[in-house]
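# Close look at the chain arrangement
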Amino acid sequence: MSSHSLFGPLDPAVDAGWEQAPGRKGFLTDTSVCIGCKACEVACKEWNAIPSDLGDGITGESYDNTSALGANTWRHVAFVEQSTPPAPAAPPAVDLGMPTLRAPDADAKPEFRWLMSSDVCKHCTHAACLDVCPTGSLFRTEFGTVVVQDDICNGCGYCVPACPYGVIERRAEAPGDKTKNAGIAQKCTLCYDRISDGDLPACAKACPTESIMFGDVDELRERGQQRVAELQEQGVTGARMYGDDPHDGVGGTGAMFLLLDEPEVYGMPPDPVVTTRDLPRMWKRAGLAAAGLAAGAALSLLGGS
Amino acid sequence: MVPEAEFTSYYGRPVVKESPWQADIPAYLFTGGLAGASSLLAAGAGATGRSTLARNSRVGALAAIGASTFFLIHDLGKPSRFLNMMRVFRPTSPMSMGTWLLAAYGPLTGLAAAHEIVGALPVGTRKVLPSVFTRALQATGRPAGWGAALVGPAVATYTAVLIGDTATPTWHDASGQLPFVFAGSAATAAGGLGMLTTPVPQSGPARRMAVGGVIAEQLAQAWMTRSMGLSVQTLHEDRAGTLLRLATVLSTAGGIGVVLAGAVSRKPRGATGAQLLSAVSGTALMAASACTRFGIFHAGQASARDPRYTVVPQRERVDAGHPVRSDRTPPGGG
Amino acid sequence: MAECHPVGFQWVMEAKRKGARIIHIDPRFTRTSAVADQHVALRAGSDIVFLGGIIRYILEQEKYFREYVVAYTNAATLVRDDFRDTDELDGLFSGYDPETGTYDPASWAYKGVEEYAAAGNARKPSADQSAHTDRAAGDTHGAAGAVGHGHSQTTRDETLQDPRCVLQVLKRHFARYTPEMVEQVCGVSPQDFLSVCEAVTANSGRDLTTAWVYSVGWTQHAVGVQYIRSAAIIQLLLGNMGRPGGGIMALRGHASIQGSTDIPTLFNILPGYLPMPSVDDHPDMTAYLKTVTSDTQKGYWTHAGAYTASLLKSWWGKTATSDNDYCFSYLPKISGDHGTYNTVTRMLDDQVEGYFIMGENPAVGSAHGRMQRLGMSHLKWLVVRDFQLIESATWWKDGPEVRSGELKTEDIDTEVFFLPAASHVEKDGTFTQTQRMLQWHHKAVDPPQDARSELHFMWHLGNKIRARLAESTDDRDRPLLDLTWDYGQDGTDEPSADKVLREINGWQVKPDGTPGPLLSSYTQMKDDGSTAGGCWIYTGVYADGVNQSARRKPGSQQSWVAPEWGWAWPSNRRILYNRASADPQGRPWSERKAYVWWDEEAGSWTGHDVPDFPADRAPDFRPEPGTAGPEGIAGDDPFIMQSDGKGWLFAPTGLLDGPLPAHYEPQESPIRNPLYSQQSNPTRQVLKRKDNLSNPSADAPGAQDFPYVFTTYRLTEHHTAGGMSRWLPYLSELQPQFFCEVSPALAAERGLVNGDWATIVTARSAVEARVLVTDRIRPLTVNGRTVHQVGLPYHWGQGGKGAVVEGDSANDLIGLTLDPNVHIQEAKAATCDIRPGRRPADHQVRGMVEDYISRAGITVETGNTLHEKGDQS
Ligand SMILES: Nc1nc2c(c(=O)[nH]1)N[C@H]1C(S)=C(S)[C@@H](COP(=O)(O)OP(=O)(O)OC[C@H]3O[C@@H](n4cnc5c(=O)[nH]c(N)nc54)[C@H](O)[C@@H]3O)O[C@H]1N2
Ligand SMILES: Nc1nc2c(c(=O)[nH]1)N[C@H]1C(S)=C(S)[C@@H](COP(=O)(O)OP(=O)(O)OC[C@H]3O[C@@H](n4cnc5c(=O)[nH]c(N)nc54)[C@H](O)[C@@H]3O)O[C@H]1N2
Ligand code: SF4
Ligand code: SF4
Ligand code: SF4
Ligand code: SF4
Ligand code: SF4
Ligand SMILES: [Mo]
């Protein structure tokens, strides 16, 4: 196992052995223009025929009644009500030397804001879910995305705790029910079927405000960074990119986000790491421990009875 | 204890998902350890002429690995597709590696145990069996036993990698030391089984293995808890805390029992008492090992449910200006 | 807008990306507020004060677009000397009759046109209007709103100094709408208010425009029409009408709700906004046209005769001739208010036998759900056409009144027919959206099983009735038998929507009376029977024999105005009155805002859009004073449908509750009106009935029992009464339960817990809802006291077959008090009580409500005094 392929920047499709990869495809979800309409959630469910999940009524958590990404929610729109502005945060404004469009207006800063953000599988460069999958059900497509093959997955559930973003989930199976793909790991396919035909992913297609942009990851990354600079300049100091750094803990993500606050505010990890980065060390330790066990066993033979 | 950390989350909802695994998986961790270490013990016992211990351990290993396989399959969302595990050989997937280990280990253990069982049958009964079979067993039983002993330690410790290689905070944070904890725990269990099943006069290695296991496990756990960080809290709380405290009590009691059993057995007419003590302690030790596995399992599940264990350490890294970056951290980790 | 028009909202977001400033004015912080630059929370029902405050600011600070205002509006026009304003009459305009609760608008007229006004104003109070339950309101006004006798010749003072000129009237009228008053009535701080004033004025002028967008947050009030009038005044003062990026956008509701007023489902208008004739006033077409238009007014509305004759020709074809007034007598005539709410009260009084419900769910969606359902139980028959077995189809077995035992299924005599309906993807047809644009949709799939389109149903119903009457010699059956009713598709029993569209477009009538070539423009319509057309404003949708509404040329392949996408009435114009986008000399106000301009060389108007003006009318053209009709339009009269060619800051005619907006408190309000002694709209339509009680307001005894303001609204996740969302699992799971939104302060005051239940009570009913405690709802300080608001989405109902989710209905809480002009219900502002916990069991709910009613001392008179006499009057 080449240690390189467990961590650091790389082109995942090429790394996976695709010879004529069409270029990595992904999302940029610009939460600054999201209006929380949930069209993405519904479009995804419609297209992928995902079972509905009525739950026990409202959650009392703003307008979010689907709560999290999971087996039956591959796009999830988070609603965050903030009563006080968070401390002007994180990344320093990039000075592009452009004239300011509007003077930062202290009065215009809202003392209350309602953040909305449509979350989805990150299609990690180093996808822990895929790394740990023992059946090869999860695989890397030619677009660099990560997809479950429903007919291969045996529902071992290993990918579930492996994902550092809490995305993938095994679909619950009530005894006797005929729910499609019950017992099988489920998550966004980045509409593999649609993009293979040159179509937009259903969620991106449905998004009225172009909060969800689909395209070449490199190009989206640039677009996102530009937009962050723009927003920063307009005084939106919290604007930042998430997942755009190929040197981050998962090697950057195929689905990137433009956030207005810290990722954990939206339920996303602030510094996720692909678990398999540490796997070589774990194997070494396990080897040592096994050797120790053997040695101990040998030692136990010394002595009477 | 680490002080309560301030952190932000989305309505307190988890960031990472807890594994969908039920009791099957900690049971699998336990039985795997028991089997692996038992194979080792059996091989040693066999080599040193402790045939009862060898036989019991071999049969024990087979039973344990059989249970283990059952648990593994039972836990699958689609058990009928167990064989899909055989589609790939994937070093990045501890479960894949574990499956291949089991695939190697299971038959070896089976052969070794069958050899023992057949060997223990009354001659008359043995004659009923086809001679090809008995001859084949004769030829392969012993080497299979050695083979199982060779693979056994890996079977006992790889499960630490299995759960360590996740984003579950407690498991991942513990992954550096967990193999040692599991190795110790496996030794404890196998030793315990030997003590339970084998007459005291032959079970010296089992007793020593058990005590060694207890000591190793305690040391490794101490090391682990020191290096884990915030998620260590989950080892002390709730169900996990109870189980792990119970594990300590049981292994301490078991350890004392071992020493006593040794002492009593040297007393005249101490044999029966010693045997009883040995059996009770052995059971306690096996239970201790199980409690450790269940405890660590539940600690991990709890750490995944509470976003604090995911968010706080990551936030601290970021705030300290040391987020994980590939150009700073050598590839492959340290 | 983000909540209810998310697809349209993409353009707002695009504008924002380009630097536009978005301001959202709403009692609640919504998804729209979330992405707006500024959110202004105000008390529901107080917008006229807010908007009036802006008008005052514009006038006081001289921020109006003077050149535009002088030339294009009636700011300079003088008003009659005997007009008295609300500031003189303490909240009333001159002409009020406290007996009937109506105005005689004669004194609101322009100066110098007294004689006309006296002679022929469209509407005079008729005898039965004193009942307040039974009047036809502004129904006799057509597209231009009203007749403008003598408007071709008005008296103007272009220095705007004359105290009787409209601008001076406006100044006096709005003088009391100060920032302090805004704070006191709306609960909006002066800083917030002034920042809106500054933004709106700074972003208007030659180079910039401001647009106002509204929907039912402004309309569903007993003074709803005047809310919109307030915005119109602002836009005219700032020069934002008829220009790109300006205007007042009414966001319409259902997919073709615009279409359903153009070709109306309303009782009081005919297609193209021609008024419905009335029994009293319109014995014949001449009498009718006299009240529709006038030969002493300007503009195209003077051609109403051609539009009417063409309409009648399209309906009665060969039978309609000049000799028989084009079958004018065949038209049904109205005798009063036949609006939906009045009809419900008539049902309750056993005056209505049968009822068709097609694409509506009044048991849940209409105000006062209880009256709706009880009303239906008095019918002999009821036909419901819908996709689902909605509550309006099943109330007789599972409605709240059946659950409570008040109605017993076996005692209900109503025969209910349910007919499954085809959806829009299962039939051809058009949608007319909010920009007046028609878009053709092709049938994509066959409707399932027995489901059929409305067209199919109506056509066959017509065929069946006509077959039954075929032998009849009774005159009353002639209108049905003489109808042109040929919509079959090549002789099959499938009707053709295309045929309907052709008829709507209209054609030349061949000498033998059969259809000739299709018309291309309504200007071709004649009043001599030589043309036929089902809706004059839609003429041109089939221009050149092409279904223009089916055009789908991508935006990238045409100009930014995109004239080849669909077809907009009239004449495919995308912006109405766009002559105003050029200055009086015909030049664009600025390069940036160039839209339509005068091409001196060609001697015609040209530009990006179809000019909304006589093509060759030079900017400096001035007609002989008194010239009527299109010829009377001066080169600087952009508002060509208006009787004087000007934009109306002051409406001398057409409205029933005053020529200018004045703030009145809602029927149910926590405060006394700080502006006038007159508490509520003195002309509002109250329905004094035992089953329609109002909560006491302000300082009246019993008001303390209903201390909170509530408003109702929509969620993105659901659609109106739920027939199209609560039956769908994917939408239902997104908002599974009826809930109420309250501030943390109110939650603390009443012990409401997030996620638990609360019960909301009015004099009509009590409903239970889950509690959502949120900072998005803010308590306001109004008139010195804290006013808490409760927000209620109105999408849930009880009963119906197969709904994924159900719940109590917000509309059960709402009483019926209506705007006098359009009979819209006041669903956006009322009072209530809220308490923790679930409501009592079904059979005990009425008891709880009765307790409240007796404790608060409510009678049928409560809240229904139309005229409050103040100290000053
Ligand atoms: N998702 C969705 N979209 C829809 C519909 C739907 O049901 N669901 N319905 C369609 C229909 S039929 C229509 S008519 C439109 C309606 O579209 P909207 O008018 O946007 O709908 P509402 O939510 O009823 O009301 C709008 C806002 O008015 C606010 N409001 C209440 N009282 C007042 C007040 O006194 N002043 C001010 N300024 N605001 C007030 C409410 O808080 C609410 O946020 O939407 C259409 N689009
Ligand atoms: N409290 C309160 N009440 C309100 C409002 C409010 O803001 N607050 N808003 C009001 C407004 S603006 C509106 S528009 C009303 C809406 O109220 P309704 O019109 O009563 O409610 P909808 O649920 O829209 O009903 C439309 C029905 O038409 C059916 N349908 C859809 N397409 C077709 C078709 O092609 N043919 C047939 N036959 N049926 C079809 C749908 O299944 C649905 O059941 O609610 C009003 N009521
Ligand atoms: S986000 Fe999780 S599920 Fe998605 S690719 Fe990454 S590891 Fe896999
Ligand atoms: S649950 Fe399915 S997809 Fe996930 S790791 Fe197991 S086999 Fe792979
Ligand atoms: S890309 Fe497709 S599968 Fe993924 S969230 Fe969007 S719609 Fe769902
Ligand atoms: S469709 Fe677009 S705007 Fe709507 S919730 Fe999803 S991301 Fe946000
Ligand atoms: S439902 Fe239709 S009309 Fe309403 S916003 Fe969506 S696309 Fe537009
Ligand atoms: Mo509507």
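Residues numbered from 1 in each chain as written. Chains lettered and ligands numbered in written order. Predicted model: local features only at pLDDT ≥ 70, side-chain atom pairs only at ≥ 80, totals over all residues. Heavy atoms only, no water.

## Notes on the UniProt feature "transmembrane region" (unreviewed entry) in chain B
We apply this condition: UniProt positions are given in the numbering used here, feature names are shortened, and annotations may be inferred rather than shown by experiment. The numbering of helices and of strands both runs from the N terminus, where a helix is a DSSP run of H or I of at least 4 residues and a strand a run of E of at least 2.
This chain's UniProt record puts "transmembrane region" (unreviewed entry) on residues 25-47, 59-77, 97-123, 144-164, 176-198, 243-264 and 276-296 of chain B. Structurally, residues 243-264 of chain B comprises 100% helix and 0% strand, and the distance from its first C-alpha atom to its last is 30 Å.

## Here we look at the side chain of His823(C)
Residue and element names in this part refer to chain C. Applicable threshold: Residue exposure (1.4 Å probe, protein chains only): buried if accessible area is under 20% of the type maximum, exposed if over 50%, otherwise partly exposed. Within 3.5 Å is the distance limit for a polar contact, defined as a pair of N or O atoms, with the added protein rule that one can donate a hydrogen and the other accept it, and that residues adjacent in sequence qualify only through two side-chain atoms.
Here His-823 is to be found in the loop between β28 (817-818) and β29 (830-836). Given a relative accessible area of 8%, His-823 falls into the buried group. Engagement of the side chain of His-823 in a polar contact is seen with the side chain of Asp-337, the distance being 3.5 Å.

## A short note on helix α25 (residues 845-856) of chain C
Residues and elements named next belong to chain C. Filter applied, for reference: A helix is expected to reach a length of 1.5 Å times the quantity of its residues less one. The directions considered for the arc are those from the helix axis to the C-beta atoms. We call two residues in contact whenever any of their non-hydrogen atoms come within 4.5 Å of each other.
Over its 12 residues, α25 extends 17 Å from the first C-alpha to the last, a length consistent with the 16 Å expected when each residue adds 1.5 Å. Of all the positions in α25, only Val-845, Met-848, Val-849, Tyr-852, Ile-853 and Ala-856 are classed as buried. Each buried residue of α25 sits inside an arc of 140 degrees when the element is viewed along its axis, so together they form one side. The inward-facing, buried residues of α25 contact β23 (757-761), β24 (766-773) and β29.

## Section: the site of ligand 1
Residues and elements named next belong to chain C. Condition: Only heavy atoms are used to decide nearness, and a residue is near a molecule or strand if one of them lies within 4 Å of it. Under the convention used here, a 1.4 Å probe and the Shrake-Rupley method define accessible areas, while residue burial counts only the protein chains that appear.
In the vicinity of ligand 1 there are 29 residues, among which Asp-26, Asp-47, Arg-714, His-718 and Lys-828 approach most closely. Within the side chain of Asp-26, a nitrogen or oxygen atom sits 2.6 Å from an oxygen atom of ligand 1. One nitrogen or oxygen atom from the main chain of Thr-716 is found 3.0 Å from a nitrogen atom belonging to ligand 1. For ligand 1, the accessible surface in isolation is 900 Å², of which the surrounding protein chains cover 92%. Looking at the shell around ligand 1, the elements with two or more residues in it are α10 (216-219) and β21 (708-713).

## Focus: the interface of chain C and chain A
Under the convention used in this document: Buried area is calculated as the accessible area (1.4 Å probe) missing from two parts once they are joined, with the contributions of both summed. Here, a salt bridge means any side-chain nitrogen of Lys or Arg that lies within 4 Å of a carboxyl oxygen of Asp or Glu. Residue type decides the class: Asp, Glu, Lys and Arg count as charged, Ala, Val, Leu, Ile, Met, Phe, Trp, Tyr, Cys and Pro as nonpolar, and the leftover types, Gly among them, as polar.
With 42 residues of chain C at the interface, the matching set in chain A holds 40 residues. For the chain C and chain A pair, buried surface summed over both sides reaches about 3300 Å², with 58% attributable to carbon and sulfur atoms. Broken down residue by residue, the surface that chain C buries against chain A is led by Arg17(C), Tyr730(C) and Glu733(C), which jointly contribute 24%. Where chain C meets chain A, there are 3 salt bridges. Residue Arg776(C) is joined to Glu81(A) by a salt bridge in which the shortest nitrogen-to-oxygen separation is 2.7 Å. At the boundary of chain C with chain A, the tally comes to 17 residue pairs in polar contact (both at pLDDT 80 or more). Breaking the side of chain C that touches chain A down by element, the ones donating at least two residues are α1 (6-17), α2 (31-35), α23 (729-732), β22 (739-742) and β24 of chain C. A per-class count over the side of chain C that touches chain A returns 21 nonpolar, 9 polar and 12 charged.

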